[in-house]
Amino acid sequence: MGTPRLKHDLVADLDAGDVVVRYPSSDVATARAAVEVVRALWPVVEAYLGAPWTGRLRVDLLAEARASGANPAAATLRHSVRGVQQRSPATAGVLSYQLGQVLWYAATAEAEYRGPAPRSPDWLLTAALTPLTHAWSERDTWSDHLARHVQRAVRRPPLAEEALARHAEVPPGTLALAVSQSLARGRSLQQRHPEWVRALRAQLAAEPQWGAWEALEAVTHADAATWRERFATDLEVWRGDDDEWRPGVVT
């Protein structure tokens, strides 16, 4: 009986109203810093998605150096104590991406959806939210990052739609390619519809029973088959320009 009580005694909660931090009880300073960091990042994520955050966020600070992740349905994210202590553009980017996952879920009325899963396929979430990982870095950092991924995408055959929809189901050695091909799709969307992320998010919120493909058709006036053809065509075009192609920055 002593062990569970000991573990509980080593963890504390800091309730800051809109943010609740669960942290190692000996490190309240880092918990307070986490609240400040989250509050600094939120306006950027809100502006990017075109939606305000009106809920309550929980942050779990963990001792593991590489601990990081989000549970959008529970409005919870986890991050390492060290990451918060060592503040950097990379840490801010990771947390921004996680906050983007939480806000996307809340701001698209995901909890009301009753249709077939996944509503928002992984390729789409990756394409929509990954720019947040570079929101606090130099502008060229995102451009270079995207260029590397698109170059990887054009050098390999396209993955099946099922693999792009559910990244967790692809073999570990294929995950990097799935991410790259997802970002390439985001580039295709960005070229034709610069405001596609905000527009799609708003359309999903307006139609809680629609899936992402239905919302994308409403926003872009092109159906899923047309977009899949465009994605494939763009890969072929970029493959021919691989040595010289340099993408612009997604904003």
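Structure: see above.
Cut-offs used in this document
- Residues numbered from 1 in each chain as written.
- Predicted model: local features only at pLDDT ≥ 70, side-chain atom pairs only at ≥ 80, totals over all residues.
- Heavy atoms only, no water.
- Axes fitted to C-alpha atoms, helices over the stretch in contact; angles between N-to-C directions.
- Helix = DSSP H or I, 4+ residues; strand = E, 2+ residues; numbered from the N terminus.
- Parallel < 35°, antiparallel > 145°, perpendicular 65-115°, else oblique.
- Left-handed = near helix turned anticlockwise from the far one by under 90°.
- Contact = heavy atoms within 4.5 Å.
- Nonpolar A, V, L, I, M, F, W, Y, C, P; charged D, E, K, R; others polar.
- Patch = residues over 30% accessible without salt bridge, like charges linked within 9 Å, V, L, I, M, F, W, Y side chains within 5 Å.
- Areas by Shrake-Rupley, 256 points an atom, 1.4 Å probe, with all protein chains shown as cover.
- Salt bridge = Lys/Arg side-chain N within 4 Å of Asp/Glu carboxyl O.
- Lys, Arg positive; Asp, Glu negative; His and termini not counted.
- Charge placed at Lys NZ, Arg CZ, Asp CG, Glu CD.
- Phe/Tyr/Trp six-rings, centres within 6.5 Å; stacked < 30°, edge-to-face > 60°.
- Buried < 20%, exposed > 50% of the residue type's maximum accessible area, 1.4 Å probe, protein only.
- Lys NZ or Arg CZ within 6 Å of the ring centre and 35° of its normal.
- Core = buried A, V, L, I, M, F, W, Y, C linked by side-chain atoms within 4.5 Å.
- Expected span 1.5 Å × (residues − 1).
- 1 Å grid on protein atoms, 1.4 Å probe; cavity = no way out; pocket = protein on both sides within 12 Å on 5 of 7 lines; lining within 4 Å.
- Points joined across faces, edges and corners; volume = space filled by probe spheres on them.
- Pairing = 2+ DSSP bridges.
- Right-handed = clockwise from strand over helix to strand, strands pointing away.

A. Here's a closer look at the packing of helix H4 (residues 89-107) against helix H5 (residues 122-129). As a packed pair, H4 and H5 sit with axes 10 Å apart at the nearest point and diverge in direction by 125°. When the axis of H4 is compared with that of H5, the two are oblique. In this structure, H4 meets H5 at a crossing whose hand is right-handed. Of the residues in H5, those touching H4 at Tyr97, Gly100, Gln101 and Trp104 are Leu124, Leu125, Thr126, Ala128 and Leu129. In terms of residue class, the contact of H4 with H5 is made up of six nonpolar, three polar and no charged.

B. Fine view of a negative patch on the surface. Side chains of Glu207, Glu214, Glu217 and Asp223 sit close together on the surface and give a patch of like negative charge. Structurally, Glu214 can be placed in helix H10 (residues 212-220).

C. The arrangement of the packing of aromatic side chains in detail. Applying the stated criterion to the full structure yields four aromatic pairs. Look at Trp42 and Trp53: their rings are 4.9 Å apart centre to centre, the planes differ by 10°, and that puts the pair in the stacked class. Within this pair, whereas Trp42 is found in helix H2 (residues 28-49), its partner Trp53 is found in the loop between H2 and strand S3 (57-62), the two being separated by 11 residues in sequence. Using a relative accessible area of 6% as the deciding quantity, one classes Trp42 as buried. Pairing Trp123 with Phe231 gives two aromatic rings, centres 5.5 Å apart and planes at 70°, and the pair type is edge-to-face. Of this pair, Trp123 sits in helix H5 while Phe231 sits in helix H11 (residues 224-240), and the two are 108 residues apart along the sequence. Both residues of the pair, Trp123 and Phe231, count as buried. The rings of Trp123, Trp213, Trp227 and Phe231 are connected pair by pair, giving a single aromatic cluster. The ring of Trp213 has Arg228 sitting right over it, with the charged end atom 4.6 Å from the ring centre.

D. How the structure looks around the nonpolar core. Val21, Leu57 and Trp104 are the most contacted members of the largest nonpolar core, which has 53 residues in total. The element best represented in this core is H2, accounting for 11 residues. In contact with Leu57, other than residues within four places in its own chain, are Asp18, Val19, Val20, Val38, Trp42, Ala75, Leu77, Leu99 and Val102. Among the nonpolar cores identified, the runner-up in size contains nine residues, and Leu146, Leu183, Ala184 and Trp238 belong to it.

E. Focus on H4. For H4, built from 19 residues, the straight-helix expectation of 27 Å at 1.5 Å per residue is met to within 8% by its first-to-last C-alpha distance of 25 Å. Note on H4: the residue one or two positions beyond its end, Ala109, has a positive phi of about 55°.

F. Summary view of the layout of surface pockets. Here the largest pocket defines a volume of roughly 450 Å³. Around the largest pocket sit 23 residues that line it, and Pro72, Gln101, Ser120, Asp122 and Leu125 are the ones nearest its centre. When residues of the lining of the largest pocket are traced back to their parent elements, those giving at least two are strand S4 (68-71), H4, H5 and helix H8 (172-192). Of the residues in the lining of the largest pocket, the class split is 14 nonpolar, five polar and four charged.

G. Region of interest: the pairing of strand S2 (residues 19-24). Direction of pairing for strand S1 (residues 11-15) relative to S2: antiparallel, over a ladder of five bridges. If you follow Val11 over to S2, its bridge partner there is Pro24. Following S1, the chain reverses through three residues before pairing antiparallel with S2; Gly17 in that reversal takes a positive phi of roughly 90°. Sheet topology places S2 next to S3; four bridges connect them, and they run parallel. The residue of S3 that forms the bridge with Val19 is Leu57. For the handedness criterion, the β-α-β arrangement of S2, H2 and S3 is classed as left-handed.

H. Representation of the packing of H10 against H11. Taken N-terminus to C-terminus, the directions of H10 and H11 make an angle of 80°; their axes are 9 Å apart at the nearest point. In terms of axis orientation, H10 runs roughly perpendicular to H11. Touching Trp213, Leu216 and Thr220 of H10 are Ala224, Trp227, Arg228 and Phe231, all from H11. Its residues assigned to classes, the contact of H10 with H11 comprises five nonpolar, one polar and one charged.

These values are about where atoms sit, not about what they do.
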